[in-house]
Amino acid sequence: MKQRYRHHIEHFCHARGIDIPSSFYRLTTSRYAAIDESTVPSTLVAKTWFNKESLSYYLSGLARPDTVRAFDFHEGYEMLFDGDDVKRGPPIQ
């Protein structure tokens, strides 16, 4: 199942011109992934998360969480961060 997430994340990034850091391939891939849009081109965050709480913790520690978009590649939705928690947003297109 973990490889399935990796394949979906890679396909998503390649289709949108998002850079994938080489360190992404050294870690186990989980369902939640984040894209840093403060860089040009946008870059995939190398770490992925298994649960929403861990993703929320990561986003809450960022100086500018509004520059990072998070996605649930298990259910196919963007995740929206409200400053405390992540909630399901629009479907991934």
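Being a predicted model, the structure only gives us computed values, none of them experimental.

### Thoughts on the overall build of the protein
Point 1. Secondary structure summary: the protein contains 2 helices and 5 strands in total.
Point 2. Listing the helices and strands of the protein from first to last along the sequence gives α-β-β-α-β-β-β.
Point 3. For 93 residues, the compact-globule formula gives about 12 Å, and the C-alpha radius of gyration of the protein, at 12 Å, lands near that figure.
Point 4. Residue burial in the protein is summarised as follows: out of 93 residues, 38% are buried.
Point 5. Look at the contacts in the protein between residues 6 or more apart in sequence, and 41% of them connect residues 24 or more apart.
Point 6. Accessible surface, the protein as shown: approximately 5,600 Å² in total, 51% of it carbon and sulfur.
Point 7. Of note, the protein has its 12 positive side-chain charges centred 6 Å away from the centre of its 12 negative side-chain charges.

### Comments concerning the pattern of salt bridges
Point 1. Under the definition given, this model contains 8 salt bridges.
Point 2. Residue Arg 31 pairs with Asp 72 through a salt bridge whose shortest N-O separation is 2.7 Å. Remark: Asp 72 occurs in strand S3 (residues 68-72) and Arg 31 occurs in the loop between helix H1 (2-16) and strand S1 (32-36); sequence separation between them is 41 residues.
Point 3. With a shortest N-O distance of 3.5 Å, Glu 75 and Arg 31 are connected by a salt bridge. With a gap of 44 residues between them, Glu 75 in the loop between S3 and strand S4 (77-81) and Arg 31 in the loop between H1 and S1 connect regions that are remote in the sequence.

### Details of the sheet that holds S4
Point 1. In space, the 5 strands of this open sheet follow the order S2-S1-S3-S4-S5, with antiparallel pairing throughout. Each edge of the sheet is formed by a strand with only one pairing partner; in this case those strands are strand S2 (43-44) and strand S5 (86-91).

### Describing the confidence of the model for the protein
Point 1. Mean pLDDT over the protein works out to 94, with 97% of the residues at or above the 70 mark.
Point 2. Across the protein, the element-wise mean pLDDT spans from 90 in H1 up to 98 in S2.

### Observations regarding the packing of aromatic side chains
Point 1. Within this structure, the stated rule accounts for 5 aromatic pairs.
Point 2. Ring centres of Phe 24 and Tyr 25 lie 5.3 Å apart, and the angle between their planes is 80°; this geometry places the pair in the edge-to-face category.
Point 3. A centroid spacing of 4.8 Å and a plane angle of 35° characterise the contact between Trp 49 and Tyr 58, whose relative ring orientation is tilted.
Point 4. Within the aromatic cluster, the residues linked to one another by ring pairs are Phe 12, Phe 71 and Phe 73.
Point 5. When the ring centre of Phe 24 is taken as origin, the NZ or CZ atom of Arg 6, which lies over that ring, is 5.6 Å away.
Point 6. In this arrangement the basic side chain of Arg 88 is found over the ring face of Tyr 77, its NZ or CZ atom lying 3.9 Å from the centre.

Rules used throughout
Residues numbered from 1 in each chain as written. Predicted model: local features only at pLDDT ≥ 70, side-chain atom pairs only at ≥ 80, totals over all residues. Heavy atoms only, no water. Helix = DSSP H or I, 4+ residues; strand = E, 2+ residues; numbered from the N terminus. Rg over C-alpha atoms; globule rule 2.2 N^0.38 Å. Buried < 20%, exposed > 50% of the residue type's maximum accessible area, 1.4 Å probe, protein only. Contact = heavy atoms within 4.5 Å. Areas by Shrake-Rupley, 256 points an atom, 1.4 Å probe, with all protein chains shown as cover. Lys, Arg positive; Asp, Glu negative; His and termini not counted. Charge placed at Lys NZ, Arg CZ, Asp CG, Glu CD. Salt bridge = Lys/Arg side-chain N within 4 Å of Asp/Glu carboxyl O. Pairing = 2+ DSSP bridges. pLDDT = per-residue confidence, 0-100. Phe/Tyr/Trp six-rings, centres within 6.5 Å; stacked < 30°, edge-to-face > 60°. Lys NZ or Arg CZ within 6 Å of the ring centre and 35° of its normal.

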